[in-house]
Amino acid sequence: MMIKILVARAVFPEVLEKLAQHFEVESNQQDTIFSEAELAARMRDKWAVIATASERIGAATIASSPHLKAICNMAVGFNNIDIAAASAARVMVTNTPDVLNETTADFAWALLMATARRVSESEHWLRAGKWKKWQYDGFLGTDVHGSTLGIIGMGRIGQAIARRSLGFNMKVIYHNRSRVSTDLEQGANNAFYVSKEELLSISDHVILALPHSVTSHHTIGARELAQMKPTATLINIARGGIVDDAALINVLKHRRIAAAGLDVFENEPAFHPDFLTLSNVVLTPHIASASESTRRAMANCAADNLIASLTGQQPPNLLNPF
Ligand code: GLV
């Protein structure tokens, strides 16, 4: 009898074919969003699951899956999984780091440029038929070139974002749990380590590239937003929950910062409706890693981790060695 696995969301067919060479695969090509209870029921007789950042896999689900050996997330972030409960149950957890660094960094720049230069706002205005004449003060934005870029979270994605700033002649400052090596700082356009407070008060543009955890929850709240320049922009390509969305809406409404570009939200996809009433925010539906080749690489990476974990090998991206 073949070992059973679950692929909890739709994936590229070739990934299912690869998995089917080793396992009996239950897949979800209709891409139904399972409730936690439904997911737990489907996992009960499975040895491993491929999930995405949208599937919450908590202690109860892990406890009700007696055969479970591996949870393979198709994401670099893993705040949707209770890692402590998985380790206690000797369930391996893996993610998909590195394959998405450059694509995600590209998207941080897309959001930064769109936000600072008011691309979405002016396009909506044009599409609404409001463009009757050129104006010297139409949609004045903030320069990106020559400005100070503050990056919170100088991991591999933060470094890829920083590298791109060289061509824009920017000064890069960063804050991170701890200072990175001098070599990494030099490779990140000579990024300079500062406190969070200093970063927020000096930066013209702030980009969030840190993981979400209990400690990073609401890294940016009312107090932090008040420390930012009134002309500054805030970009979040990391995770919902790192920013206190209600506090952000409040400062955007009162123009206490210039604008924000957000790819992730608290409670997504049911994000705070007030964002829709604001013209100084660019909103995208969690697509920073969504290039064709990167999403394929992520899916294959998750599948390779799963195959390794059930065939006696150490999965390449094991998060919880025990
Ligand atoms: C996407 O959000 C990821 O964590 O890969």
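Attention here is on the structure that accompanies the text. Note that the coordinates shown come from a computational prediction; the quantities given were computed from them, not determined experimentally. (Residues numbered from 1 in each chain as written. Predicted model: local features only at pLDDT ≥ 70, side-chain atom pairs only at ≥ 80, totals over all residues. Heavy atoms only, no water.)

Comments concerning the sheet that holds strand β12 (residues 281-283)
Line of reasoning, step 1. In space, the seven strands of this open sheet follow the order β8-β7-β6-β9-β10-β11-β12, with parallel pairing throughout. In this open sheet, the two strands that pair with only one neighbour each are β8 (192-193) and β12.
Line of reasoning, step 2. Set on the sheet, helix α7 (residues 156-164) makes contact with β6 (148-152), β7 (171-175) and β9 (205-208); between it and β6 the angle comes to about 170 degrees. (Pairing = 2+ DSSP bridges. Helix = DSSP H or I, 4+ residues; strand = E, 2+ residues; numbered from the N terminus. Contact = heavy atoms within 4.5 Å. Axes fitted to C-alpha atoms, helices over the stretch in contact; angles between N-to-C directions.)

Describing the pairing of β6
Line of reasoning, step 1. Of all five residues that make up β6, five are buried, and the element is covered over most of its length.
Line of reasoning, step 2. Every second residue of β6 is oriented toward a common face, with T148, G150 and I152 on one face and L149 and I151 on the other, all of them buried.
Line of reasoning, step 3. Looking at chain direction, β6 and β7 are connected through five bridges and run parallel. Paired with I152 across the bridge in β7 is H175.
Line of reasoning, step 4. Each parallel crossover has a hand, and for β6 linked through α7 to β7 it is right-handed.
Line of reasoning, step 5. Taken together, the four bridges between β6 and β9 define a ladder with parallel strand orientation. Counterpart to I151 in the pairing with β9 is I207. (Buried < 20%, exposed > 50% of the residue type's maximum accessible area, 1.4 Å probe, protein only. Right-handed = clockwise from strand over helix to strand, strands pointing away.)

Re the pairing of strand β11 (residues 259-262)
Line of reasoning, step 1. Burial along β11 is two-sided: A259 and G261 and A260 and L262, pointing in opposite directions, are all buried.
Line of reasoning, step 2. Each parallel crossover has a hand, and the one from strand β10 (residues 233-236) via helix α11 (residues 245-253) to β11 is right-handed.
Line of reasoning, step 3. In terms of strand pairing, β11 meets β12 through three bridges, oriented parallel. By the bridge assignment, A260 is partnered in β12 with V281.

Comments concerning the site of the ligand
Line of reasoning, step 1. Every residue lining the ligand is accounted for by A75, V76, G77, L100, R239, H286 and M298.
Line of reasoning, step 2. Side-chain polar atom of R239 to an oxygen atom of the ligand: 2.6 Å apart, as the coordinates give it.
Line of reasoning, step 3. In the complex, the protein chains occlude 87% of the 190 Å² of accessible area that the ligand would expose alone.
Line of reasoning, step 4. A class-by-class count of the residues in the shell around the ligand yields four nonpolar, two polar and one charged. (Near = heavy atom within 4 Å. Polar contact = N/O pair within 3.5 Å; in protein donor to acceptor, adjacent residues only side chain to side chain. Areas by Shrake-Rupley, 256 points an atom, 1.4 Å probe, with all protein chains shown as cover. Nonpolar A, V, L, I, M, F, W, Y, C, P; charged D, E, K, R; others polar.)

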